[in-house]
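Below, each chain spelled out in residue letters.
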Amino acid sequence: MQSTGVYWIALYEILDARGLEVYLVNARHTKNLPGRKSDVQESQWLLKLHTYGLLRNSFHPPVDIRIVRTYWRQRGDHVHAISTCIQRMQKALTQMNIQLANVISDLSGWTGQRIVRAILAGERDPTTLAALSHPGVHATPDTIAKSLEGTWQPDLLFVLQQEVAMYDTYQQRIAECDHELEQHLKGFADKVADPGADRESSPTTPCKELRSGPKRRRKAGSHAPQFDLGRELHRISGVDLTRIDGIDVGVAQTVISEVGVDMTRWKTEAHFASWLGLCPDNRITGGKVIRKGTRHVINRAATALRLAATTLLRSQSYLGAQYRRLRARLGAPKAITAMAHKLARLVYRMLTWGHEYVDKGLQYYEDRHRAQQVQLLKKKAAKLGLQIAEPTAAA
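Residues numbered from 1 in each chain as written. Predicted model: local features only at pLDDT ≥ 70, side-chain atom pairs only at ≥ 80, totals over all residues. Heavy atoms only, no water.

Enquirer: Mind laying out the pattern of salt bridges, listing which residues take part and the relevant values?
Expert: By the definition in use, this model includes 12 salt bridges. Where Arg-243 meets Glu-356, a salt bridge forms, and the shortest distance between an N and an O atom there is 3.7 Å. Placement of the pair is Arg-243 in the loop between helix H9 (229–237) and helix H10 (249–259) and Glu-356 in the loop between helix H14 (332–353) and helix H15 (362–383), with a sequence separation of 113 residues. A single salt-bridge network, built from bridges that share partners, covers Asp-190, Glu-232 and Arg-235. (Salt bridge = Lys/Arg side-chain N within 4 Å of Asp/Glu carboxyl O. Helix = DSSP H or I, 4+ residues; strand = E, 2+ residues; numbered from the N terminus.)

Printed below as a string of structure tokens:
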């Protein structure tokens, strides 16, 4: 059949549940065929192509992974809706000349929510509201009090109250998604005996002495899952993807919910990177490259890996040093794609062979790059008929 949107999903699941091997074909591979204007003619042509073996089956995760994907995507929609509520709260406060954003960085944090809810409870004294701030806030109480001198318009207070109510509702929906996701993940088979112990201990490898110390875990966001999601992912996958610099629990969950833990659907890591749309797709005609770049692929896993690559800018690790060098040479967009490609290959290797990732450290990368540059200079000097004298030891 030929279908768009989500109409094909019901039929696909019914046929798949009956034990049939269903082919999900990308319409981009057959859309340029002329002379097939009706659905019947198109179906007959697809049947002929499939008979000759000219159609390739697209990737579709198994049922248990699709359930995880549904919960995680629904949770992501709620988190996005919460962000919209926070923006509307900020807009209402700004219209009332309450410049709370000048003294705190996050309105959804501990200080912001206490002050906003006190305002809705009827408190109007700036000094009393400023006393509700966290001791860790850098602004002084007097500065906070001055930012809370507003006009207190009734219509804007009504808008603020509704947005806070919507914020609480979405928080409850997120908690429900976390509960369902946790219960479903418990049904997966264990691949490690004690994932908690393995996550704390580093693997014994020859490169262990090259590590630049234990990896610093990024602080969980305000909308992080309320259960140990990293432990569950380690248990069902057999590896800890968060050991890779730049990949946190959220990125690891997005990748697993989109592609699963079985990498046998892709022959090599290059096929996996190509499916994600992170590899070069140069258009060549007549022996000339007429266009460079990557394919336009809408893939949530690829987007998550790109976001993970952007966090490597200040990472004091091997991947961080590599990203900064690529960024200086190629620019930020190309460097992000290149590092997302690197992260995809590392994820493939870990999920395929169960290898643990070990960071070789910033110094190892700098020394390796310096040795490569010296070797390159020696080759250039040899082509020019020159010799590079080795430095002698000081007496």
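Enquirer: Just give me the short version of the packing of aromatic side chains, but keep the residues and values in it.
Expert: Applying the stated criterion across every chain yields a total of 10 aromatic pairs. Ring plane angle 55° and centroid distance 5.2 Å describe the contact between Trp-266 and Trp-275, whose orientation is recorded as tilted. Accessibility expressed as a relative area gives 6% for Trp-266, which makes it buried. Residues Phe-272 and Trp-275 carry aromatic rings whose centres are separated by 6.5 Å and whose planes lie at 20° to one another, so their mutual orientation is stacked. Separated by three residues within a single helix, Phe-272 and Trp-275 lie in helix H11 (residues 269–276), roughly one turn from each other. Here Phe-272 falls in the buried class, since its relative accessible area comes to 1%. Classification of Trp-275 as partly exposed rests on a relative accessible area of 26%. Taken together, the aromatic side chains of Phe-59, Trp-266, Phe-272, Trp-275, Tyr-348 and Trp-353 make up a single cluster linked through ring pairs. Here Arg-124 stacks its cationic end above the ring of Trp-152, 4.9 Å away from the centre of that ring. (Phe/Tyr/Trp six-rings, centres within 6.5 Å; stacked < 30°, edge-to-face > 60°. Buried < 20%, exposed > 50% of the residue type's maximum accessible area, 1.4 Å probe, protein only. Lys NZ or Arg CZ within 6 Å of the ring centre and 35° of its normal.)

Enquirer: A description of the nonpolar core should follow, citing residues and the corresponding values.
Expert: Note that soluble globular proteins tend to have their nonpolar side chains buried in a common cluster. Membership of the largest hydrophobic core comes to 51 residues, with the highest contact counts inside it found for Ile-244, Leu-305 and Leu-319. Elements represented by at least two residues in this core include exactly helix H3 (63–95), helix H7 (154–185), H9, H10, H11, helix H12 (300–310), helix H13 (318–330) and H14. Sort the elements by how many residues they give to this core and H14 lands first, with 11 residues. With residues up to four places along the chain from it excluded, the contact list for Leu-305 reads Ile-247, Val-251, Val-255, Leu-276, Leu-278, Ala-340, Leu-343 and Ala-344. Residues Cys-85, Leu-93, Ile-98 and Leu-156 belong to the second largest nonpolar core, which totals 30 residues. (Core = buried A, V, L, I, M, F, W, Y, C linked by side-chain atoms within 4.5 Å. Contact = heavy atoms within 4.5 Å.)

Enquirer: I'd like to hear about the packing of H3 against H7, residue by residue, with values.
Expert: Running from amino to carboxyl end, H3 crosses H7 at an angle of 165°, the nearest separation of the two axes being 9 Å. Accordingly, the angle class assigned to the pair H3 and H7 is roughly antiparallel. Along this stretch, H3 crosses H7, giving a crossing that reads as left-handed. Tallied by class, the residues present in the contact of H3 with H7 amount to 23 nonpolar, five polar and seven charged. (Axes fitted to C-alpha atoms, helices over the stretch in contact; angles between N-to-C directions. Parallel < 35°, antiparallel > 145°, perpendicular 65-115°, else oblique. Left-handed = near helix turned anticlockwise from the far one by under 90°. Nonpolar A, V, L, I, M, F, W, Y, C, P; charged D, E, K, R; others polar.)

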